[in-house]
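# Results of the structural survey
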Amino acid sequence: MSRFTLAIHGGAGTILRSNMTPEKELAYRAALEDALKAGAAVLSANGSAVDAVRAAVCSLEDNILFNAGKGSVFGKDGKQEMDASIMDGSNRMAGAVAAVRNIRNPVELAYTIMMKSPHVMLNGNGAFEFAQLHGLAIEPDEYFYSDFRYKQWQQMLDTNQVALDHNVRVAATGGDGKKFGTVGAVAMDNLGNLAAATSTGGMTNKAFGRVGDSPIIGAGTYANNKTCAISCTGHGEPFIRAVTAYDVSCLMEYKGYTLEEAMRVVVQEKLPPIDGEGGMIGVDASGNISLQFNSDGMYRGLLASDGRYEVAIYRDLES
């Protein structure tokens, strides 16, 4: 009998009903449902947790609503630089990519690095060459263009400031307020194996080759069959300094915390003192799920073979 679990996120932050049009909310919910369906299709066919998180994250990368893949934000130079990572909890193999351009699905590049190279992380032009060598889908700049993201960038172009996704006020978009637009997925497959994947377009107007936590194993992504699989979303610098994803696993392995307890301690107690706003999703080897965030909302969803299903956006129960 199938027994699997899947959870996804599409970013956390200041996500309020008052800033959301009914049409935009329906679009986000449909996008989250599509990602859940993509991952669940793999798991229900006895596919691996790794392939399930790849499928779910690819679905989110292909949707212009999210700051990953197609909808990535603009950097200081007017280009989109994307980061992603993936980790297999059964053997702790991992792959990651940072500051790559024109790759349709950065998570697929991270997966290819894990499977077909001796390395964990590649970046920039070298990562692009590796993608070409292995025939990954490459798209022109126009494919990644979003009018909303462009307007965000234009408002910051003459400043030295950076912003996290929706933290730029753009009139008539329904998108005011901070939103950390990283996407991610975690899964447990029918064999009890765990996996996690994370992908992002980073920060609007970022310069100097800035890289956040999403491609860093242990910070934004971690998976270990002994404990859990974690994917994070938030202000990357504090998440890096806190080694956030791995910290959850450590609390479970060395202190005997449950997944829920460990994630609550990290997200609600350890991150806020260092300005770590955001959240994470997690699944453990028993199929338990936790969706934790310390912001006003987090685009999120879960699906399990025992019938559990949820798609939510806001903090309140009717989300």
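Coordinates for the structure precede this section.
Since we're looking at a predicted model, the values are computed, not measured.

In this structure the tally under the stated criterion is 6 aromatic pairs. Taken together, a centroid distance of 6.3 Å and an interplanar angle of 85° make the contact between F66 and Y299 edge-to-face. With F66 in the loop between α2 (49–61) and β2 (82–88) and Y299 in strand β12 (residues 297–304), the pair connects residues that are 233 residues apart, well separated along the chain. Here the two residues F66 and Y299 agree in accessibility, since each one is buried. Summarising the aromatic geometry, the rings of F74 and Y145 are spaced 6.1 Å apart at their centres and angled 70° between planes, so their arrangement reads as edge-to-face. Here Y145 lies in the loop between α4 (124–133) and α5 (147–156) and F74 lies in the loop between α2 and β2, a separation of 71 residues in the sequence. F74 gets classed as buried once you look at its relative accessible area, which sits at 5%. Ring-pair connections join several aromatic residues into one group, and the members of that group are Y28, F66 and Y299. Here R54 stacks its cationic end above the ring of Y111, 3.7 Å away from the centre of that ring.

Calculation notes
Residues numbered from 1 in each chain as written. Predicted model: local features only at pLDDT ≥ 70, side-chain atom pairs only at ≥ 80, totals over all residues. Heavy atoms only, no water. Phe/Tyr/Trp six-rings, centres within 6.5 Å; stacked < 30°, edge-to-face > 60°. Helix = DSSP H or I, 4+ residues; strand = E, 2+ residues; numbered from the N terminus. Buried < 20%, exposed > 50% of the residue type's maximum accessible area, 1.4 Å probe, protein only. Lys NZ or Arg CZ within 6 Å of the ring centre and 35° of its normal.

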